[in-house]
Protein chains: 2
Amino acid sequence: MVRLDFRFEEIDAIINARSLAIVGASGKPLKFGSLFTASQLAFGFSGPLYLVNPSEKEIMGHPCYPDLASLPEVPELVYIAIPAYRSLDILRECARLGVKGVVLLAAGFREMGDKGAQLEMEAVSIARNGGFRIIGPNCFGIYNPRNRLTLLPGHDFSGVPGEVAFISQSGGFSAQVARMAGDLGIHFSAVVSYGNGADLNEIDLLRYFDLDPATRVISAYLEGTSDGRGLFEVLKAAASRKDVVIWKVGKSESSRRAAASHTGSLAGATSLWEGLFRQCGVIEVSGVDELCDVLLALKHLGRRPGRRILISGGGGGLGAYAGDLAEAEGLEVPLLHGDAESRLRVILDYPGASVGNPLDIGTPLIHLPLFEAAMREAALNPTTDALVFDLALNFALGLAGEAGVEAVADVLIKVRRETGKPVILVAYSRALRLGDMAVEELSRRVRDKLLSGGVLVYPSMPRAMRALSLVNR
Amino acid sequence: MVRLDFRFEEIDAIINARSLAIVGASGKPLKFGSLFTASQLAFGFSGPLYLVNPSEKEIMGHPCYPDLASLPEVPELVYIAIPAYRSLDILRECARLGVKGVVLLAAGFREMGDKGAQLEMEAVSIARNGGFRIIGPNCFGIYNPRNRLTLLPGHDFSGVPGEVAFISQSGGFSAQVARMAGDLGIHFSAVVSYGNGADLNEIDLLRYFDLDPATRVISAYLEGTSDGRGLFEVLKAAASRKDVVIWKVGKSESSRRAAASHTGSLAGATSLWEGLFRQCGVIEVSGVDELCDVLLALKHLGRRPGRRILISGGGGGLGAYAGDLAEAEGLEVPLLHGDAESRLRVILDYPGASVGNPLDIGTPLIHLPLFEAAMREAALNPTTDALVFDLALNFALGLAGEAGVEAVADVLIKVRRETGKPVILVAYSRALRLGDMAVEELSRRVRDKLLSGGVLVYPSMPRAMRALSLVNR
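Remember, predicted model here, so these are calculated numbers, not experimental data. (Residues numbered from 1 in each chain as written. Chains lettered and ligands numbered in written order. Predicted model: local features only at pLDDT ≥ 70, side-chain atom pairs only at ≥ 80, totals over all residues. Heavy atoms only, no water.)

Attention now goes to the pattern of salt bridges. Side chains that differ in sign of charge can pair as their charged atoms come close. All names here are of chain A. A full pass over the atoms with the stated rule returns 76 salt bridges over all chains. One salt bridge in this structure joins Glu440 and Arg444, with 2.9 Å as the shortest N-O distance. With Glu440 and Arg444 both in helix 15 (residues 437–452), this residue pair falls four residues apart, about one helical turn. Taking the shortest distance from any N to any O, the salt bridge between Arg447 and Asp448 comes out at 2.9 Å. The exposure class of Arg447 is buried, given its relative accessible area of 10%. Here the residues in one salt-bridge network are Arg7, Glu10, Arg128, Arg133 and Asp199, joined through shared partners. (Salt bridge = Lys/Arg side-chain N within 4 Å of Asp/Glu carboxyl O. Helix = DSSP H or I, 4+ residues; strand = E, 2+ residues; numbered from the N terminus. Buried < 20%, exposed > 50% of the residue type's maximum accessible area, 1.4 Å probe, protein only.)

This is the structure:
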C-alpha cells in the first residue's frame, strides 16, 4: 500500500475530533466494548457521543443506535470495537458517510499472518478510497484531555491538558503511562495507541506532535518501523525542537519474536537504533517507570540541568549507596566548595553528622532550623547542580510523626524556591504490609505537596539517579 | 587492639540474651532513646527488661532505675543509648558487674577522627579487661524475634523467627531491611547493625551465623573490612554451606568518602571485592529492594532454580519488554516445546492471543478455565524452569473487579501446586494517586495470598528478572 503524504489537518481532525461514535458499544460486563464505553461515558466527551449496536436499545442510560447511518449527524471520528472480520463492513459504511477518521480496535490483522495482512490491506484500501485515515488496527486509540476523548480504558485519567505526547504500539502500556504519569502531575496533549500502524504510523504521529503547538515533549513506545530512514528524519527534526523520549523494545531474540506477533513489527538491529537515538539527541528509556521518571524530571528540571549532585540524608549508609549509584550513572558527586563546607561544619556540629558530599545530617530528622540552614548551604554550594535528599520515611515517621515528615517537605520546598536550585526528595515507603496503608497515604500526600512546590520526588535512589542521568544526556 | 579468638558462645549470649538493660532509656518524644525504648517495650522482650536513667522515675508506665548497680540482677546484655563521651563510665560499670555484652549506640568514635578513635580503643580495652564483648559503636544493635529483642526502631517488626540473618554497618538499612522483608514474609534468625565493628566485626558475625543452626541464608550490608583475608575465608566457608547475599558499597570515590566518615571503613578496590564474591559463590546485590527481592526468591525458589523462563501476560508489549529484560539479565526465553505449543494453540484460539514464548493471552483476563489450562501448559512445557505472568492490575481491575483479580491469583496458586514449577506474578500497581488507595490495598492483599500459596510476587518486571538472574548465579 502506497503511503499518503503527511497532512497535519487530517491527523488533527482525528485527535481533536469534535464528534464521536462507538460501534460495538456495549453494556455487558467483562466485554472490552463495555469497558471502553463506560470509560468514555465517565470521562465525558466534549462533543456529541453516539453509541452504536444493533442489538441494544440503551446502554448505561444512553440511547443506542442500530448503525452509523441512523445517527443524527456524520461523526468526525468512529471507534470500531468489534471483531476484525466484521470491521470491514463498518469501514465501508464510514467511507459512504464521509467520516474523517476511524480507530480500529480489533486484533486479527497483520500480526496474525497472511490472511490477517490481506484483511489489513483491504481496510486501508477502503479508507484511501473513502478519504479518511485509520489509527490501528490492534490498538486502543486516543486519549486527549482537550476534547475529553478516551478510547483507552481510562475513566480516571487526568482531565488536565498538558505538554506531553505519548505514542505507543502497545495499548496496555499506553494506558499504564497515561494513568501513572497523570497521577504524578504530568499532563498530556494526547496519548495515541496505534497498534499495527497500518495507515497512520509512528512517523506520521511523531511528525504531527512535532508540529503540534500544544506539545513540548514527545515520547514513544516503539516495537519497530517499516521505514528506518523516515523515522530517523522525523526524530532528528523533532529532537532539534522538542524533548524526545523513546522506549524501544526488540533488542533480544525473544522480544523480536513478541514484537512480530504483537504488531507485525520488524524490530531491527539494536546497535542501529541506539546509534540513531544518540545521533538525534533522543533520550532512550526502558519501561513505564523509567519513562515516567524521565517525563517528571523534564517537567521539573528541563533538559541537561547539570550532572553535579549533592547527596544528603540522615545516615551514612545511604550516602555511600547513593554515591555508588550516582557515579555508575555518570553523575558527579563533587567535593563541597570550601566556604560551603566551613559554614556546614558550624551548622552540623554534633556526633553522627558528617560534612562533605555525601552530606550526612546524622538522623532522618534534626532540629528544623538547623535542617533548613544545612539544606540551604547544600543547595547554594557552587558545585551543586541539584540537591538530592533521602528521607528514611518510616524512621522519620517513628521519630516525629506525620507533622515531622510534613515539616521536612515544607523546608525542602522553601529551599527550592529561595535558592532556585533543583531539589529532589527520595522517599522510600518501606511499610508494605496490608495494615500499613497510612504510611503509603502519607507518602503520597507528601509527594503531591512537594511536586506542587517544585520539588521532584522519586520512590527510590536508583530511579532518582537514573532519571537525573538520562535528562543530562 | 588485638582481636580475640572467635567464640560462638560469646556472640550467642548477646544475640540470644535472656535479660536486657537500656541505659539512657527515655520517655521524651523526638529523642532516639525514647524511640528505642518505646520500640522495645512495644515489641515485648521475652525476659526481664530494665530501664536505666538517673533523671527519670518511670518511663511509659515502667519503673526506671538510676544506674546498672541498682538493678535486681546483672543483665546479660546492656544497650547504652547515651552520648559517646559518657559511655565509657557505663562500660566500666558493666565490667565491674560482669555483663556478657554491650551494644553501643552512640556515634562520635572512630568515624570522627583521631580523638574518636582513641575513645573507641578505650571502650574496647574496657570490654577486654571486663570479659565482655561489644557490638558497635555507631550502630542500632540487634533485632531477634526469638527472644523478642529489638534495639532497632521496630515495634512493628515481625515476631516470627526465621532462617535469614542480616548484618549491616548501616543502622538505617538494618531497619529498612528488617521491616520490608518482614512485610514480605521473610523472617529472620536475627538482624545485627554493628556500625564501626570496633570489637565484634563482620568476620565474627558472619562466622557466628555460619555456625548458627537457625540460619540458612546469610545476608550483609558492608562498607569495608580491616581484614580482607579473614573476610574471604569466612565468606568461602559460609557460602559452601549456606546461601550468602552481600551488598557492598564503596565502589565509587564519593561512596568511599561516605564509608570512611560513616563507619571509618576502608572500602577497598571494587574489582578485588567482585572477584572475592565470585570466587566464594556469594550473590552480590545493590540496595534494600534488590536484597529483599533476592531473599524472597531464595525463600520460594532456592538457589539456581534454572534460567529458562516462560513469559506470559495479556498484551504483546509486555512480552516484548520482558524478553529484552530477561535476556539482558542472562536469562533464557526459549521456544516452546512442540507438544506444548500445539496444545496452547488449541486453548488460545482467538485474535489477540499469540502462542509462543513470550505467550500473549491477548487481554489481562480471559475466561478462567482457558486461563488455567494455558498456565498449566505453559508451566509444564519442558523448556520452562519458571513461569512469569505479568498482570496489568489496573486493567484487570477495570475488566473484572476485585473478584476477577483474586480469581487470577487462585489459578496461579493452583498451577504452582499442581505442576510443581515455580510461578512468579509481576503485578504493577499503576494507580499512584491519593484517592486510589483501594488499588494498593488490593495489590497487597493479593500479594500476601500468592506468597502464602507459594507464588512469588514482584512489583515490576525489571525487579523480577533481576532477582531470577541473581539467584541463578
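Okay, back to it.
Turning next to helix 5 (residues 171–183) of chain A. Residue and element names in this part refer to chain A. A rise of 1.5 Å per residue sets the reference length of helix 5, with its 13 residues, at 18 Å; its end C-alpha atoms lie 19 Å apart and thus fit the reference within 8%. Counting buried positions over the 13 residues of helix 5 gives 12, a clear majority of the element. Along helix 5, the residues classified as buried are Gly171, Phe173, Ser174, Ala175, Gln176, Val177, Ala178, Arg179, Met180, Ala181, Gly182 and Asp183. Gly185 sits one or two residues past helix 5 and shows a positive phi near 80°. (Expected span 1.5 Å × (residues − 1).)

This part is about empty space enclosed by the protein. Counting across every chain of the model gives two cavities of 30 Å³ or more. Here the largest cavity is characterised by a volume of approximately 60 Å³. As for the largest cavity, its lining consists of Ser312, Gly313, Gly315, Gly316, Leu318, Gly319, Ser354, Pro358, Leu359 and Asp360 of chain A together with Ala258 and Ser261 of chain B. Secondary structure elements with two or more residues in the lining of the largest cavity: strand 15 (309–313), helix 11 (316–328) and strand 16 (359–360) of chain A together with helix 8 (253–263) of chain B. The biggest single contributor to the lining of the largest cavity is helix 11 of chain A, with three residues. Partitioned by chemical class, the residues of the lining of the largest cavity number four nonpolar, seven polar and one charged. When contributions to the lining of the second largest cavity are tallied by element, the ones reaching two or more residues are helix 8 (253–263) of chain A together with helix 11 (316–328) of chain B. With three residues, helix 8 of chain A is the single largest residue contributor to the lining of the second largest cavity. (1 Å grid on protein atoms, 1.4 Å probe; cavity = no way out; pocket = protein on both sides within 12 Å on 5 of 7 lines; lining within 4 Å. Points joined across faces, edges and corners; volume = space filled by probe spheres on them. Nonpolar A, V, L, I, M, F, W, Y, C, P; charged D, E, K, R; others polar.)

Turning our eyes to something else, we now look at the relation of the copies chain A and chain B. Placing chain A over chain B gives an RMSD of 0.0 Å and needs a rotation angle of 180°, together with 0.0 Å of translation along the axis. The superposition of one copy onto the other is thereby described by a two-fold rotation axis. Ranked by how close their C-alpha atoms come to the rotation axis, the residues of chain A are headed by Met437 of chain A, at 3.8 Å. The share of interface residues of chain A whose copies in chain B are also at the interface is 100%, consistent with both copies meeting through the same surface. (Least-squares fit on C-alpha atoms with pLDDT ≥ 70 in both. Contact = heavy atoms within 4.5 Å.)

This paragraph deals with the interface of chain A and chain B. Contact with chain A, which involves 81 residues of that partner, is made by 81 residues of chain B. Between chain A and chain B, a total of about 6,200 Å² is buried, with carbon and sulfur atoms accounting for 60% of that surface. Its largest share of buried area at the contact with chain B, chain A owes to Arg430, Leu432 and Arg444 of chain A, together 13% of the area lost on that side. In this assembly, chain A and chain B are joined by six salt bridges. Across the salt bridge formed by Arg433 of chain A and Asp183 of chain B, the nearest N and O atoms sit 2.7 Å from each other. Summed over the shared surface of chain A and chain B, the result is 42 residue pairs in polar contact (both at pLDDT 80 or more). Secondary-structure elements contributing two or more residues to the side of chain A that touches chain B are helix 2 (32–43), helix 5, strand 13 (243–248), helix 8, helix 10 (288–301), helix 11, helix 14 (393–419) and helix 15 of chain A. With 10 residues, helix 11 of chain A is the single largest residue contributor to the side of chain A that touches chain B. Its residues placed into classes, the side of chain A that touches chain B shows 37 nonpolar, 22 polar and 22 charged. (Buried area = accessible area lost by both parts, 1.4 Å probe. Polar contact = N/O pair within 3.5 Å; in protein donor to acceptor, adjacent residues only side chain to side chain.)

Residues and elements named next belong to chain B. Tracing the chain through its elements places Leu344 in helix 12 (residues 338–347). Placed 34 residues apart in sequence, Leu344 and Ala378 show a C-alpha to C-alpha distance of 7.9 Å. Setting aside its immediate chain neighbours within four residues, Leu344 contacts Leu336, Val355, Leu359, Ala374 and Glu377.

Moving on, we get to helix 9 (residues 270–280) of chain B. Residue and element names in this part refer to chain B. Here helix 9 has its buried residues at Trp273, Gly275, Leu276, Phe277 and Cys280. Next to the buried residues of helix 9 lie strand 12 (217–222), helix 7 (228–241), strand 13 (243–248) and strand 14 (283–285). At the exit of helix 9 stands Gly281, carrying a positive phi of roughly 80°.

In a beta sheet, neighbouring strands are held together by backbone hydrogen bonds and run either parallel or antiparallel to one another. All names here are of chain A. What the seven strands build is an open sheet, ordered 3-4-2-1-5-6-7; its pairing is mixed. Each edge of the open sheet is held by one strand with a lone partner, namely strand 3 (58–59) and strand 7 (133–135). As paired elements, strand 6 (residues 101–104) and strand 7 share three bridges and run parallel to each other. For Val103, the partnering residue across the bridge sits in strand 7 and is Ile135. (Pairing = 2+ DSSP bridges.)

Bringing the confidence of the model for chain A into the picture now. The predicted coordinates of low-pLDDT regions are not to be read in fine detail. Across chain A, pLDDT averages 94, with 99% of residues at or above 70. Among the prediction metrics, the complex's ipTM stands at 0.95, with pTM recorded as 0.96. (pLDDT = per-residue confidence, 0-100.)

Moving on: the sheet that holds strand 8 (residues 141–144) of chain A. Residues and elements named next belong to chain A. Pairing is mixed across the open sheet formed by seven strands, whose spatial order is 9-8-11-10-12-13-14. Among the strands making up the open sheet, the edge pair consists of strand 9 (149–150) and strand 14 (283–285). Sheet topology places strand 8 next to strand 9; two bridges connect them, and they run antiparallel. Of the residues in strand 9, the one forming a bridge with Asn144 is Leu149. Together, strand 12 (217–222), strand 13 and strand 14 form the strand contacts of helix 9 (residues 270–280), whose direction differs from that of strand 13 by roughly 170°. (Axes fitted to C-alpha atoms, helices over the stretch in contact; angles between N-to-C directions.)

This part takes up the side chain of Asp243 of chain A. Residues and elements named next belong to chain A. Looking at the element boundaries, Asp243 is found in strand 13. You can call Asp243 buried: its relative accessible area is 11%. Those residues in contact with Asp243 that sit more than four places away from it in its chain are Arg216, Val217, Ile218, Leu298 and Arg303.

Bringing the side chain of Asp204 of chain B into the picture now. All names here are of chain B. Positionally, Asp204 belongs in helix 6 (residues 202–211). Since its relative accessible area comes to 8%, Asp204 is described here as buried. At 2.9 Å, the side chain of Asp204 and the backbone nitrogen of Asn201 are in polar contact. Each residue touching Asp204, except ones within four places of it in the same chain, is listed here: Arg3, Phe6, Ile11, Arg133 and Asp199.

All names here are of chain A. Enumeration according to the criterion identifies 32 aromatic pairs over all chains in this entry. Here the aromatic rings of Phe173 and Tyr221 are separated by 5.1 Å at their centres, their planes lie at 65°, and the arrangement is edge-to-face. Within this pair, whereas Phe173 is found in helix 5, its partner Tyr221 is found in strand 12, the two being separated by 48 residues in sequence. Residue Tyr221 is classed as buried on the basis of its relative accessible area of 0%. (Phe/Tyr/Trp six-rings, centres within 6.5 Å; stacked < 30°, edge-to-face > 60°.)

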